[in-house]
Amino acid sequence: MSAISVRLPDSLHEATKVLAKEEHISINHFITLAISEKLSALGSEKFLEERAKRADRKRFLKVLKNSPNIEPEDFDKI
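A. Examining the overall build of the protein more closely. Per the secondary structure count, the protein includes three helices and zero strands. The secondary structure elements of the protein, listed N-terminal to C-terminal, are α-α-α. Taken against the 2.2 N^0.38 rule, which gives 12 Å for 78 residues, the C-alpha radius of gyration of the protein at 21 Å runs more than 25% over that of a compact globule. Here the protein holds 78 residues, and 3% of them are scored as buried. For the protein, the distance from the average position of its 14 positive side-chain charges to the average position of its 13 negative side-chain charges is 11 Å.

Written as structure tokens, this is what we have:
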């Protein structure tokens, strides 16, 4: 495990303390989770961009054409 020193604006540090306390976790744990979430989001974005490059519109429309034409349940409607 590595240790790093990070300079935070006072307002960001205070907000982090408050949220960590509300979640009943340490500031270190809160920051670790925040970094993990950001890395996951960026990784997902990259994955989706790469996957989109392999997309085939004709195949998509064929699958869509063969899908049932049904209305969503009430709880799925926005």
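B. Fine view of the layout of surface pockets. The computed volume of the largest pocket comes to approximately 530 Å³. In this structure, the largest pocket is lined by 18 residues; those nearest its centre are Ile-4, Asn-28, Ile-31, Thr-32 and Ile-35. For the lining of the largest pocket, the elements supplying multiple residues, two or more each, are helix 1 (10-22) and helix 2 (27-53). In terms of residue count, the dominant contributor to the lining of the largest pocket is helix 2 (seven residues). Class assignment for the residues of the lining of the largest pocket results in 12 nonpolar, six polar and no charged.

C. Quick look at a nonpolar patch on the surface. On the surface, Ile-4, Val-6, Leu-8, Leu-12, Ile-31, Ile-35 and Leu-39 cluster together into a nonpolar patch covering about 650 Å² of accessible area. It is helix 2 that provides the largest number of residues to the nonpolar patch, a total of three residues. As for its placement among the helices and strands, Leu-39 is situated in helix 2.

D. Focus on the environment of Ala-20. By the element assignment, Ala-20 lies in helix 1. You can call Ala-20 buried: its relative accessible area is 1%. Expressed as a C-alpha distance, the spacing of Ala-20 and Ile-31, which sit 11 residues apart in the sequence, is 8.8 Å.

Criteria and cut-off values
Residues numbered from 1 in each chain as written. Predicted model: local features only at pLDDT ≥ 70, side-chain atom pairs only at ≥ 80, totals over all residues. Heavy atoms only, no water. Helix = DSSP H or I, 4+ residues; strand = E, 2+ residues; numbered from the N terminus. Rg over C-alpha atoms; globule rule 2.2 N^0.38 Å. Buried < 20%, exposed > 50% of the residue type's maximum accessible area, 1.4 Å probe, protein only. Lys, Arg positive; Asp, Glu negative; His and termini not counted. Charge placed at Lys NZ, Arg CZ, Asp CG, Glu CD. 1 Å grid on protein atoms, 1.4 Å probe; cavity = no way out; pocket = protein on both sides within 12 Å on 5 of 7 lines; lining within 4 Å. Points joined across faces, edges and corners; volume = space filled by probe spheres on them. Nonpolar A, V, L, I, M, F, W, Y, C, P; charged D, E, K, R; others polar. Patch = residues over 30% accessible without salt bridge, like charges linked within 9 Å, V, L, I, M, F, W, Y side chains within 5 Å. Areas by Shrake-Rupley, 256 points an atom, 1.4 Å probe, with all protein chains shown as cover. Salt bridge = Lys/Arg side-chain N within 4 Å of Asp/Glu carboxyl O.

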